[in-house]
Each structure stands twice: as structure tokens, then as C-alpha cells.
Amino acid sequence: MHKSLLNDQFFNSLDSSVLPVEEAETLPPGCYTDAEFYEFEKEALFNHEWLCVGRESWAKEAGDYFTTSLIGEPIIVVRNRQGDLKAMSSVCQHRAMLVAEGHGNARAFMCPYHHWTYSLDGDLLNGPAMEKTCDFSKTDIKLPTFKVEVWLGFVFINFDDQAAPLAPRLEAVAKILEPYDLANAEGSKPEEADKFPWNWKVMFENNNDGYHASRLHGGHYHDFVPSELSSFPDMPADTAGYCRLNGTTHSDASFNASQKALLPVFPNLKDADRNQMLFANIPPTLSLVLTNDMVFYLNVRANGPESHEMDTGLLVAPGAMDSPAFEDCLAANMATAHKIMAQDQHVDEMVQVGLRSRFAIRGRYSWQESAQQQLNSWLVPRYQDCWDKMKKTGMVSRPAKAAPGQCSDTSALCEKGEA
């Protein structure tokens, strides 16, 4: 019989994951596998945090739009007639058909099922044959809209219309990334998203893990970015992201057989920048790998307790894509990148298998895994705050004696008023 993780003892135990890295231990395995915890995580994180959905360049002109989904919510991002970016649900407010799929340019969004039509701001323009419906007014109906913020060219949305702005809590990260001028970096929209059978946090942890670099990836294609040259800048207490700097054994290192940058180097990089790579995470959705000639951005989109989708995009220096040699140089970089990513993805899948085991424990960290402790320091306060709020608002039932069918202790979540 499944025993719920959601109780005071569990949330108190998370304190040990935010200790200094020399003392900290990993999150409990259930944080990566448990369906009830994933539902809790939606409220603790995804319903209130800023979520990356793509790049501003994907919707340059009025009517340009793209669609995506986060925690199962279908989303449209569109440039309206006034030139503003809008984000809204793509669920028709009639019978729940999606009013848009893929990407393109539109004058309006028309539901293909019954032809209800919405403006680029989400207002209902037309609902055919509704004149006999009692108390129906199209002015009362619109697609739910979300807050939007653009940071370094990345578009973020927030389901919580009371959420505080994102950029002020990313000033420290933005300062580190400043030489790359990501707002003006160029790159095509990624193709279809990849689907992976492991928890989103497993992907996040791997993307910024200095410890495995010289082990899992040991060899010609990665040894010039050794684990022992990892460092982890201190971040403000309220930071919305964190970074790893990783020194390289030679300047202008890049992931290809030559180990040297083949594409144009980002023009604002100084000597110190050209002797390192950067890794940055903006949880719970955006992860960046920054080399001197190319930036990988990974848009991680949770869709279940043990699965996620991910958009993998590339950014290069302005003008780099105009070179006749661009495609060949990019292919050389990607040949190596795909070998490295294949190693990572196999490990991630096997980690998820291990996390389901009865023998999975809360492990200890190397100093080269400081980014994992930084992720924990972002996660744990949000988990604990959400749990406290749920108790205060009556979402958690703790009756002394439970009647049949009721929750018996803090290990269960009950609907408010049902206990």
C-alpha cells in the first residue's frame, strides 16, 4: 500500500539537503518518482514560478506565434498588433479544443472544431450560432492570459498574476552571462521536442554537474573541461538561478574533434572568459551551456512525475550564421555534442531506474557537485513554504481519529472542507 510522502517529518527532513555541500545530502528519492509529490510540486513551483517557454525571436512580427505546454497546460505565445508579447491558454472556452498548434503567423485564432474565433489578445471575436443561448455574451469570454517577461531574449511566463518580476532576482546570473550578450545572439527555432522518461530534476542536475565531466565524459572530446577546474559563484539568497564556471586547459575550447572554436567567438568575451565555459540553471525550466562559439539552451518542460519534454536550442554570435562555412562548422560541433548528450541521456535514464529502487538512499555530495546543493537551496524553501501554507489554509487534515474514508494524519492531502 502506498504511503504518502506528504507529512511534517518528510518536509523537515529536507533541511539536510540545503546544508553546505560538505555536509548536505541529496533529496529523498521520492521527490523524483512519487506521483503525489509531483502534484504537490505543481503548486509549490510551477503554479507560481517563472517558466521559460522559448525565445523572443520566435515571434518577431505582429501575428507571429508559437505553442508549447508546461505541466500539461497548452500555451500560445503571440506578438499582438501593438507589438507586445502575449501568453495565453490555447484551450477554447467552448468545448476545450485547442485553438492553435505548432507555430506560424495568424490574424486571429479560430478553433477548428466549431469556429469560435479569438483575437491576438485572447478576446472572443465570434461564437457562431450562439444567438439562442441564454445569457451569452462574447464580451464575457476570453482565453486565460498569463504574465510575460523577457530576460536575455528568453520568454518566461507565470501562471500567478501576483508574481514578483523575475529579472531583479537574476541580476547576479545576468552579470556572469553578460559577455555573451544573449539577447542579441542568433539561432533557429528548435525542431520537435525530445521526450525523456526521467524526472525533470534529474535532467537539471546533470546539466550543471561538474563531478561527472571527467568521469562519464572522460576522453578526447571532453578532457579539456576537467572537473577539478569547476567553481561555483556565490549567489544572493533570493536568487532565481545559479551558475558553474569551468576552466578549460586551453583558450577558445569547444566541443569538437579539434577542441577549438570553429564558429566565430562571441565578440565581447575577454581573455578570462575565453579560458572557461559557463553553465547556468534558471529552475524549473531553463538550463544553459555556454562555450566560446556556441550556446546550448535546454528548455525543460515537466509533464509527469517521471517524464519531461525538452526543447534543445542553439545560439551563436551575431552574423555567424551568414558564413558559408557555418553549416559545416556547426555539424562538427554537433557531432561531438551528440556523443556527449547520448552518454548523459543513458545515465539519466538509469538514474531514474535506480531512484525507484527500495535501495536508493539519500547520498552525499562532492565539492564538484555544488550546483546540486544550489538547486536544493532553491527547491527546499519553496517546498516547505507551500507545505506550511497548505496546513494553515486547511488543505492538510490531521484529525485525531479518522472516520472511514478520511485522512488519518499529515501523510495525506485532503481537499479543503472534506476532512
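Cut-offs applied
Residues numbered from 1 in each chain as written. Predicted model: local features only at pLDDT ≥ 70, side-chain atom pairs only at ≥ 80, totals over all residues. Heavy atoms only, no water. Helix = DSSP H or I, 4+ residues; strand = E, 2+ residues; numbered from the N terminus. Polar contact = N/O pair within 3.5 Å; in protein donor to acceptor, adjacent residues only side chain to side chain. Contact = heavy atoms within 4.5 Å. Axes fitted to C-alpha atoms, helices over the stretch in contact; angles between N-to-C directions. Parallel < 35°, antiparallel > 145°, perpendicular 65-115°, else oblique. Left-handed = near helix turned anticlockwise from the far one by under 90°. Nonpolar A, V, L, I, M, F, W, Y, C, P; charged D, E, K, R; others polar. Disulfide = S-S within 2.5 Å. Buried < 20%, exposed > 50% of the residue type's maximum accessible area, 1.4 Å probe, protein only. Pairing = 2+ DSSP bridges. Phe/Tyr/Trp six-rings, centres within 6.5 Å; stacked < 30°, edge-to-face > 60°. Lys NZ or Arg CZ within 6 Å of the ring centre and 35° of its normal.

> So what's going on with the side chain of Thr248? Which residues, and what values?
By secondary structure assignment, the location of Thr248 is in the loop between strand S13 (242–247) and strand S14 (276–282). In terms of polar contacts, Thr248 uses its side chain to reach the backbone carbonyl oxygen of His250, at 2.8 Å. Those residues within four positions of Thr248 in sequence are excluded, and the remaining contacts are Phe224, Val225, Leu229, Ala253, Arg274, Asn275, Gln276 and Met277.

> Pulling in residues and values, what's your account of the environment of Val148?
Mapping Val148 onto the fold places it in strand S9 (residues 145–151). Between the C-alpha atom of Val148 and that of Trp50, which follows or precedes it by 98 residues, the distance is 8.7 Å.

> Account for the packing of helix H5 (residues 200–207) against helix H6 (residues 326–355), naming residues and giving values.
It is the contact of H5 with H6, at a shortest axis distance of 10 Å, that shows an interaxial angle of 135°. Judged by the inter-axis angle, H5 sits oblique to H6. Between H5 and H6 the crossing geometry is right-handed. In contact with Val202, Met203 and Asn206 of H5, H6 contributes Asp344, Asp348, Val351, Gln352 and Leu355. For the contact of H5 with H6, the per-class residue count stands at four nonpolar, two polar and two charged.

> Break down the state of the cysteines for me, with residues and values.
In this structure the tally under the stated criterion is zero disulfides. Unpaired in terms of disulfides, Cys243 finds its nearest cysteine sulfur in Cys52, a separation of 15 Å. Here Cys386 is not disulfide-linked; the sulfur of Cys31 is the nearest cysteine sulfur, at 13 Å. On the basis of relative accessibility, which here comes to 8%, the residue Cys386 falls in the buried class.

> Which residues make up helix H3 (residues 35–46), and what values go with them?
All of the buried residues along H3 are Phe37, Tyr38, Phe40, Glu41, Lys42, Ala44, Leu45 and Phe46. Residues of H3 that are buried in the fold lie against helix H1 (8–13), helix H2 (30–33), strand S1 (51–55), H5, strand S16 (295–304) and helix H7 (370–392). Sitting at the head of H3, Asp34 places a side-chain oxygen 3.1 Å from the backbone nitrogen of Glu36.

> Residues and numbers for the sheet that holds strand S12 (residues 230–231), please.
Ordered in space as S11-S17-S16-S15-S14-S13-S12, the seven strands form an open sheet in which the pairing is antiparallel. Looking at which strands have only one partner, the edges of the open sheet turn out to be strand S11 (194–196) and S12. Bridging between S14 and strand S15 (residues 286–290) involves five bridges; their strand directions are antiparallel. Paired with Asn281 across the bridge in S15 is Ser287. Each of S11, S13, S14, S15, S16 and strand S17 (307–315) touches H5; the most contacted strand, S16, lies at about 160° to it.

> Describe the pairing of strand S2 (residues 64–70), and please don't skip the residues or the numbers.
Most of S2 sits inside the fold, with five of its seven residues counted as buried. Pairing of S2 with strand S5 (residues 103–105) involves three bridges; the strand directions are antiparallel. Across the sheet, Phe66 pairs through a bridge with His103, a residue of S5. The hairpin turn running from S2 into strand S3 (residues 73–79), its antiparallel successor, is two residues long, and Ile71 in that turn takes a positive phi close to 45°.

> Run through the environment of Trp387, naming residues and quoting values.
Tracing the sequence through the fold places Trp387 in helix H7. For the pair Trp387 and Ala44, spaced 343 residues apart in sequence, the C-alpha separation works out to 8.0 Å. In this structure the side chain of Trp387 is engaged in a polar contact, spanning 2.7 Å, whose partner is the side chain of Asp8.

> So, the packing of aromatic side chains: which residues are in play, and what are the values?
Any aromatic ring pair is given by two values, namely how distant the centres are and how the planes are angled relative to each other. Scanning the entire structure with this criterion turns up 18 aromatic pairs. Seen in terms of ring centroids, Phe37 and Phe40 are 5.7 Å apart; in terms of plane orientation they differ by 40°. Their pairing is tilted. You can see Phe37 and its partner Phe40 sitting in helix H3, three residues apart, about one turn around the helix. When its relative accessible area of 0% is taken as the criterion, Phe37 is described as buried. Ring centres of Trp151 and Phe156 lie 6.4 Å apart, and the angle between their planes is 70°; this geometry places the pair in the edge-to-face category. The same class applies to Trp151 and to Phe156, which are both buried. Linked through ring pairs, Phe10, Phe11, Phe37, Phe40, Tyr383 and Trp387 together constitute an aromatic cluster. The aromatic ring of Trp58 is capped on one face by Lys189, whose charged end is 4.8 Å from the ring centroid. Over the aromatic face of Tyr32 sits the side chain of Lys201, whose NZ or CZ is 5.2 Å from the ring centroid.

> Which residues make up the side chain of Gln368, and what values do they have?
With respect to the helices and strands, the residue Gln368 is situated in the loop between H6 and H7. We classify Gln368 as buried; its relative accessible area is 7%. For Gln368, the residues in contact, after removing those within four places along its chain, are Asp209, Gly210, Tyr211, Arg215, Ser227, Glu228 and Phe232.

> Any chance you could break down the packing of H3 against H7 for me, citing the residues and the numbers?
As a packed pair, H3 and H7 sit with axes 9 Å apart at the nearest point and diverge in direction by 95°. Looking at the two axes, H3 sits roughly perpendicular to H7. Across from Phe37, Phe40, Glu41, Glu43, Ala44 and Leu45 in H3, the residues of H7 making contact are Trp378, Leu379, Arg382, Tyr383, Cys386, Trp387 and Met390. Here the contact of H3 with H7 is built from residues that sort into ten nonpolar, no polar and three charged.

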